[in-house]
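Single-letter residue listing:
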Amino acid sequence: LDPMSFSNESKAVIDFIADYYENVEKYPVRSTVEPGYLSARLPESAPYCPEPLDDILKDVHDCIIPGLTHWQSPNFFAYFQANASTAGFLGEMLCSGFNVVGFNWVSSPAATELESIVLDWMGKLLQLPSSFLFAGTGGGVLHGSTCEAAVCVLAAARDKALKELGGWENITKLVVYASDQTHFTFQKAAKLVGIPPSNFRFIETSFSTGFSMSPEKVRIAVEDDVKSGLVPLFLCATVGTTPTGAVDPIAGLGKLAVEFKLWLHIDAAYAGSACICPELRHYLDGVELANSISMNPHKWFLTNMDCCCLWIKEPKLLTDSLSTDPEILKNTATKSEAVVDYKDWQIALSRRFRALKLWIVIRRHGLANLMHHIRSDIAMAKRFEEFVRKDRGSRSWCQESSHWFASVVGGIYVIRCAIGATLTQQHHVDALWKLVQEKAHTLLKERE
Ligand code: PLP
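Fair warning: this is a prediction, and the values are worked out from it, not measured in the lab.

Colleague: I keep staring at the overall build of the protein chain and nothing clicks. Help me out?
Modeller: Looking only at helices and strands, the protein chain features 13 helices and nine strands. Once the C-alpha set of the protein chain is aligned to its principal axes, its extents read approximately 65 × 60 × 45 Å. Relative to its 448 residues, the protein chain shows a buried fraction of 40%. The contacts in the protein chain between residues at least 6 apart in sequence include a share of 79% that link residues at least 24 apart.

This is the structure in structure tokens:
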């Protein structure tokens, strides 16, 4: 790595990206390419000799960009927000530039210590109880995704339960509870840690409760399982479900979890970011009853992919489950037990210095601007809601210059609209509504 060419080539790439952002609104949000389009455009095998960066960037422009779905377009309303920001990008650059692999404290002390500090910062922004913070009795870790976090907490819960039950042969008794709106990642995670798929209970939700999970329904399922000789293990509550943004009643579920010794995890992947605003923090009321909570700053917190915060009340349960102690990694810092070794809080050994990114995002924006970002997105979403409420004639719409996604909720086919891409402004949302109206009116006319 030659510092001079590194600097020149990096600048060229940054200019390329700046130009991309300059033009991102002009691209069709959803790629129009056909499957297999790329192999028709690229050589069949890797080059033997180095190629100039200009040639590569030309191919990125001509071959890659047409196959991108433009998540950073202000007209992107699909899936969920994946906020990028200059601060997030700068953090990624530093992370990539240093390219340290901080799997334990000694392998890069700053990577570990900054991660612990920034998890406490973020936890305080969300007003988590000190039982989740290093400053208190808990702690946090950065994963790449909620799925990884879910696997880790499920493994910790499983191992705690199996220890109490007397061994691995009891794994077929363990039961996991989630609502029918819970992200499918938890089903996958439960399977990965060996919970039989038939022991995953989907608690039914309905329109009448805004698709949030009823503690009473969970109680009925838990009591049934206990009667059948099964062991309730884990309950996943969601703050901001993927299909509709529903919020499960954390306090009610928490009380139930305590009563039945269920591990309560709160998945606040996307909507958790909103809880930095005091007027929205109530969605986390009852969090003190949970065992763990996760949220993804890479969704709605201006943090470029990837970044998932996981806080846990008893980190020892996680490390009991995930620790390894190979000869090659033995060192005096670990032996002293005065340090965190994050390899024991996650699946992989290798890990990126993600904390830099979140630290810079928080510092460059400050709480004030982060709250402003959330509030302005909510204001745009509310205005859109108002449009829909006022125009009860619009029932159908099909995709055109914006990108939305559909879902089926309570048996009803719905079109989701996730407002909150970093560049989205009110006029984009207004234009979207106009488009919905036009399409709906055309469809209704066709039916007449
Ligand atoms: N949980 C919720 C509520 C989500 O909205 C999502 C993503 O949409 C996930 C979990 C999955 O997150 P990840 O992709 O980080 O595993």
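Colleague: Can you walk me through helix H7 (residues 215-227) in this structure?
Modeller: Three- or four-residue spacings in an α-helix give side chains the same orientation, since the helix completes a turn every 3.6 residues. For H7, spanning 13 residues, the distance from its first C-alpha to its last is 18 Å, which sits close to the expected 18 Å at 1.5 Å a residue. Buried within H7 are the following residues: Pro 215, Val 218, Val 222 and Asp 225. Summarising the axial view, the buried residues of H7 lie within an arc of 85 degrees, below the 170-degree limit, and thus occupy one face. Among the exposed residues of H7, those pointing more than 90 degrees away from its buried face are Glu 216, Ile 220, Glu 223, Asp 224 and Lys 227. In this fold, the buried residues of H7 make contact with strand S2 (174-179), strand S3 (200-203), strand S4 (231-238) and helix H8 (250-260). Once H7 ends, the next one or two residues include Gly 229, with phi positive near 85 degrees.

Colleague: Help me out: how do you make sense of the site of the ligand in this one?
Modeller: Near the ligand you find 15 residues, and of these Ser 145, Thr 146, Cys 147, His 183 and Ala 269 are the closest. Residues of the shell around the ligand, tallied by class, amount to five nonpolar, nine polar and one charged.

Colleague: Honestly, helix H6 (residues 185-192) in this entry has me stumped. Any pointers?
Modeller: Buried within H6 are the following residues: Phe 186, Ala 189 and Ala 190. Take H6 and look down its axis: the buried residues cluster within an arc of 100 degrees, on one side only. Close packing links the buried residues of H6 with helix H5 (146-165), S2, S3 and S4. Looking one or two residues past H6, Gly 194 carries a phi angle of roughly 95 degrees, positive in sign.

Colleague: How do you make sense of the nonpolar core when you look at a structure like this?
Modeller: Looking at soluble globular proteins, one finds that nonpolar side chains tend to be buried together. The biggest cluster of nonpolar side chains holds 104 residues, and the ones touching the most others in it are Leu 154, Leu 233, Phe 234, Leu 235, Leu 253 and Leu 264. In contact with Leu 235, other than residues within four places in its own chain, are Tyr 177, Val 218, Leu 253, Ala 257, Leu 262 and Leu 264.

Colleague: Looking at this structure, I do not really get the pairing of strand S6 (residues 292-295). What am I missing?
Modeller: Within a regular strand, side chains alternate between the sheet's two faces. Both faces of S6 are covered, namely the face carrying Ser 292 and Ser 294 and the face carrying Ile 293 and Met 295. Direction of pairing for strand S5 (residues 263-267) relative to S6: parallel, over a ladder of three bridges. Among the inter-strand pairings, His 265 is bridged to a residue of S6, identified as Ser 292.

Colleague: Whenever I open this one, the environment of Thr 303 confuses me. Can you help?
Modeller: On the secondary structure map, Thr 303 appears in the loop between helix H9 (297-300) and strand S7 (308-312). Take Thr 303: there are 29 C-beta atoms within 10 Å of it, and that puts it in the buried class. Between the alpha carbons of Thr 303 and Val 361 there is a distance of 6.5 Å; along the sequence they are 58 residues apart. Each residue touching Thr 303, except ones within four places of it in the same chain, is listed here: Asn 83, Gly 88, Pro 297, His 298, Lys 357, Leu 358 and Val 361.

Colleague: Sorry, what's going on with unusual backbone geometry here?
Modeller: A negative phi angle characterises most non-glycine residues, just as the trans form characterises most peptide bonds. The linkage connecting Met 305 with the following residue, Asp 306, adopts the cis geometry, with an omega of -10 degrees. With respect to the secondary-structure elements, Asp 306 resides in the loop between H9 and S7. Although it is not a glycine, Lys 261 sits at a positive phi angle of roughly 55 degrees. By C-beta crowding, Lys 261 is classed as exposed, having 12 other C-beta atoms within 10 Å.

Colleague: How do you make sense of the packing of H5 against H6 when you look at a structure like this?
Modeller: A packed helix pair is summarised by two numbers, namely the angle formed by the two axes and the spacing between the axes. Between H5 and H6, the shortest axis-to-axis distance is 9 Å and the interhelical angle comes to 40 degrees. Judged by the angle between their axes, H5 and H6 are oblique. The handedness of the crossing between H5 and H6 comes out as right-handed. Contacts between H5 and H6 involve Thr 146, Cys 147, Ala 150, Val 151 and Leu 154 from the first element and Thr 185, Phe 186, Lys 188, Ala 189, Ala 190 and Leu 192 from the second. Of the residues belonging to the contact of H5 with H6, the class tally is eight nonpolar, two polar and one charged.

Colleague: What is the right way to read the UniProt feature "modified residue: N6-(pyridoxal phosphate)lysine" (unreviewed entry) in the protein chain from this model?
Modeller: As recorded in UniProt, the feature "modified residue: N6-(pyridoxal phosphate)lysine" (unreviewed entry) lies at Lys 299. Tracing the backbone shows Lys 299 in helix H9.

Colleague: Sorry if this is basic, but what is going on with the sheet that holds S3 here?
Modeller: The strands making up a sheet are joined through hydrogen bonds of the backbone, oriented either antiparallel or parallel. Spatially, S1-S7-S6-S5-S4-S2-S3 is the arrangement adopted by the seven strands of the open sheet, whose pairing is mixed. Among the strands making up the open sheet, the edge pair consists of strand S1 (139-143) and S3. Averaged over neighbouring strand pairs, the angle between their axes works out to 20 degrees when direction is ignored.

Colleague: Got a minute to help me understand the pairing of S7 in this structure?
Modeller: With respect to burial, S7 is a largely interior element, five of its five residues being buried. Residue alternation in S7 divides its side chains into two sets, Cys 308, Leu 310 and Ile 312 and Cys 309 and Trp 311, and both sets are buried. As paired strands, S1 and S7 are joined by five bridges and run antiparallel to one another. Residue pairing for S7: Gly 139 is matched across the bridge by Ile 312. Here S6 runs beside S7; their pairing, made up of four bridges, is antiparallel. By the bridge assignment for S7, Met 295 is matched with Cys 309.

Colleague: Sorry if this is basic, but what is going on with the packing of H5 against helix H10 (residues 315-322) here?
Modeller: As a packed pair, H5 and H10 sit with axes 8 Å apart at the nearest point and diverge in direction by 90 degrees. Between H5 and H10, the angle falls in the class roughly perpendicular. On H10, the residues touching Cys 152, Ala 155, Ala 156, Asp 159 and Lys 160 of H5 are Leu 317, Leu 318, Asp 320, Ser 321 and Leu 322. A class-by-class count of the residues in the contact of H5 with H10 yields six nonpolar, one polar and three charged.

Colleague: Would you mind going over the confidence of the model for the protein chain with me for this structure?
Modeller: The predicted coordinates of low-pLDDT regions are not to be read in fine detail. Looking at the protein chain, pLDDT values average 94 and 97% of them are 70 or higher. Note that pLDDT drops below 50 for residues 395-400; the model gives that stretch eleven contacts with residues more than four away or on any other chain.

About the criteria used
- Residues numbered from 1 in each chain as written.
- Predicted model: local features only at pLDDT ≥ 70, side-chain atom pairs only at ≥ 80, totals over all residues.
- Helix = DSSP H or I, 4+ residues; strand = E, 2+ residues; numbered from the N terminus.
- Buried ≥ 20, exposed ≤ 12 C-beta atoms within 10 Å, placed from the backbone.
- Contact = placed C-beta atoms within 7 Å.
- Expected span 1.5 Å × (residues − 1).
- Arc of directions from axis to C-beta.
- Near = placed C-beta within 6 Å.
- Nonpolar A, V, L, I, M, F, W, Y, C, P; charged D, E, K, R; others polar.
- Core = buried A, V, L, I, M, F, W, Y, C linked by C-beta atoms within 7 Å.
- Pairing = 2+ DSSP bridges.
- Axes fitted to C-alpha atoms, helices over the stretch in contact; angles between N-to-C directions.
- Parallel < 35°, antiparallel > 145°, perpendicular 65-115°, else oblique.
- Left-handed = near helix turned anticlockwise from the far one by under 90°.
- UniProt positions renumbered as here; feature names shortened; annotations may be inferred.
- pLDDT = per-residue confidence, 0-100.

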